[in-house]
Amino acid sequence: MNCFNYKGYQGSIETSLKDRCLFGKILNITDLILYEGNTLEELENDFKDSVDDYLATCKELTREPKKPFKGSFNIRIGQELHEKAAKKSAECGKSLNDYIKDVISKDIQPTARDGGSAANGREPLPPLNL
């Protein structure tokens, strides 16, 4: 996906054919921050200005700015899958958290098949069939 990156924030690059303009929003945070421009350079500058304004406003309001990725997330997988994953992690001698981190890490490593090479030389894991 094409996006801008600045100070740990990502911003989308979108077009409106009707309005003949470029626009975007800061991704992966719950606050809504929009920006626009007529050229890619203007769009990127407005994105950066929007990030800076957002951070300054948060500081002024003495509130923590939302972080794009805080390192934790909640998922709903259902009781049966939760139980099976917990048992599988115990069999591996790992906490459920560490087991899930390992599964995700192995699955998202680039491979020769998708243009990269896995650091450990392994293919990504197939889907978890518990």
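Scroll up for the structure.
Residues numbered from 1 in each chain as written. Predicted model: local features only at pLDDT ≥ 70, side-chain atom pairs only at ≥ 80, totals over all residues. Heavy atoms only, no water.

1. Some points on the overall build of the protein chain
Counting secondary structure elements, the protein chain contains 3 helices and 5 strands. If you list the helices and strands of the protein chain from N to C, you get β-β-β-β-β-α-α-α. When the 130 residues of the protein chain are sorted by exposure, 22% land in the buried category. The long-range share in the protein chain, meaning contacts at least 24 apart out of those at least 6 apart in sequence, stands at 32%. Put simply, the protein chain shows about 9,900 Å² of open surface, and 51% of that area lies on carbon and sulfur atoms. (Helix = DSSP H or I, 4+ residues; strand = E, 2+ residues; numbered from the N terminus. Buried < 20%, exposed > 50% of the residue type's maximum accessible area, 1.4 Å probe, protein only. Contact = heavy atoms within 4.5 Å. Areas by Shrake-Rupley, 256 points an atom, 1.4 Å probe, with all protein chains shown as cover.)

2. Focus on the side chain of Ser16
Take Ser16: it is sitting in strand β3 (residues 14–16). Overall, the relative accessible area of 16% leaves Ser16 in the buried class. A distance of 3.1 Å separates a polar side-chain atom of Ser16 from the backbone nitrogen of Asp19. (Polar contact = N/O pair within 3.5 Å; in protein donor to acceptor, adjacent residues only side chain to side chain.)

3. Here we look at the pattern of salt bridges
Summed over the entire model, instances satisfying the criterion amount to 7 salt bridges. The salt bridge involving Asp102 is made with Lys94; its shortest N-O contact spans 2.3 Å. Across the pair Asp98 and Lys101 runs a salt bridge whose closest N-O atoms are separated by 3.6 Å. Here the residue Asp98 and the residue Lys101 both occupy positions in helix α3 (residues 96–108), the gap between them amounting to 3 residues, near one helical turn. Under the relative-accessibility criterion, Asp98 is labelled partly exposed at 34%. Residue Lys101 is classed as partly exposed on the basis of its relative accessible area, which comes to 48%. (Salt bridge = Lys/Arg side-chain N within 4 Å of Asp/Glu carboxyl O.)

4. Let's talk about helix α2 (residues 79–91)
Every α-helix winds through 3.6 residues per turn, so residues three or four apart in the chain are directed the same way. The terminal C-alpha atoms of α2, which comprises 13 residues, lie 18 Å apart, in line with the 18 Å expected from a rise of 1.5 Å per residue. The first or second residue beyond α2 is Gly93, which carries a positive phi of 75 degrees. (Expected span 1.5 Å × (residues − 1).)

5. What to know about a nonpolar patch on the surface
On the surface, Phe73, Ile75, Ile77, Leu81, Ile104 and Ile108 cluster together into a nonpolar patch covering about 580 Å² of accessible area. Structurally, Ile104 is set in helix α3. Residue class for Ile104 comes out partly exposed when judged on its relative accessible area of 38%. (Patch = residues over 30% accessible without salt bridge, like charges linked within 9 Å, V, L, I, M, F, W, Y side chains within 5 Å.)

6. Comments concerning the pairing of strand β1 (residues 3–6)
Looking at chain direction, β1 and strand β2 (residues 9–12) are connected through 4 bridges and run antiparallel. Residue pairing across strands places Tyr6 opposite Tyr9, the latter belonging to β2. (Pairing = 2+ DSSP bridges.)

7. A look at the packing of aromatic side chains
Each aromatic ring pair is summarised here by two numbers: the centre-to-centre distance and the angle between the ring planes. For the coordinates displayed, the defined rule picks out 4 aromatic pairs. With centroids separated by 5.6 Å and ring planes inclined at 25 degrees, the aromatic side chains of Phe4 and Phe47 adopt a geometry described as stacked. Residue Phe4 is located in strand β1, and its partner Phe47 is located in helix α1 (residues 40–60); the two are separated by 43 residues in the primary sequence. Among the residues examined, Phe47 registers a relative accessible area of 0% and is labelled buried. Members of the aromatic cluster, joined through ring pairs, are Phe4, Tyr6, Tyr35 and Phe47. (Phe/Tyr/Trp six-rings, centres within 6.5 Å; stacked < 30°, edge-to-face > 60°.)

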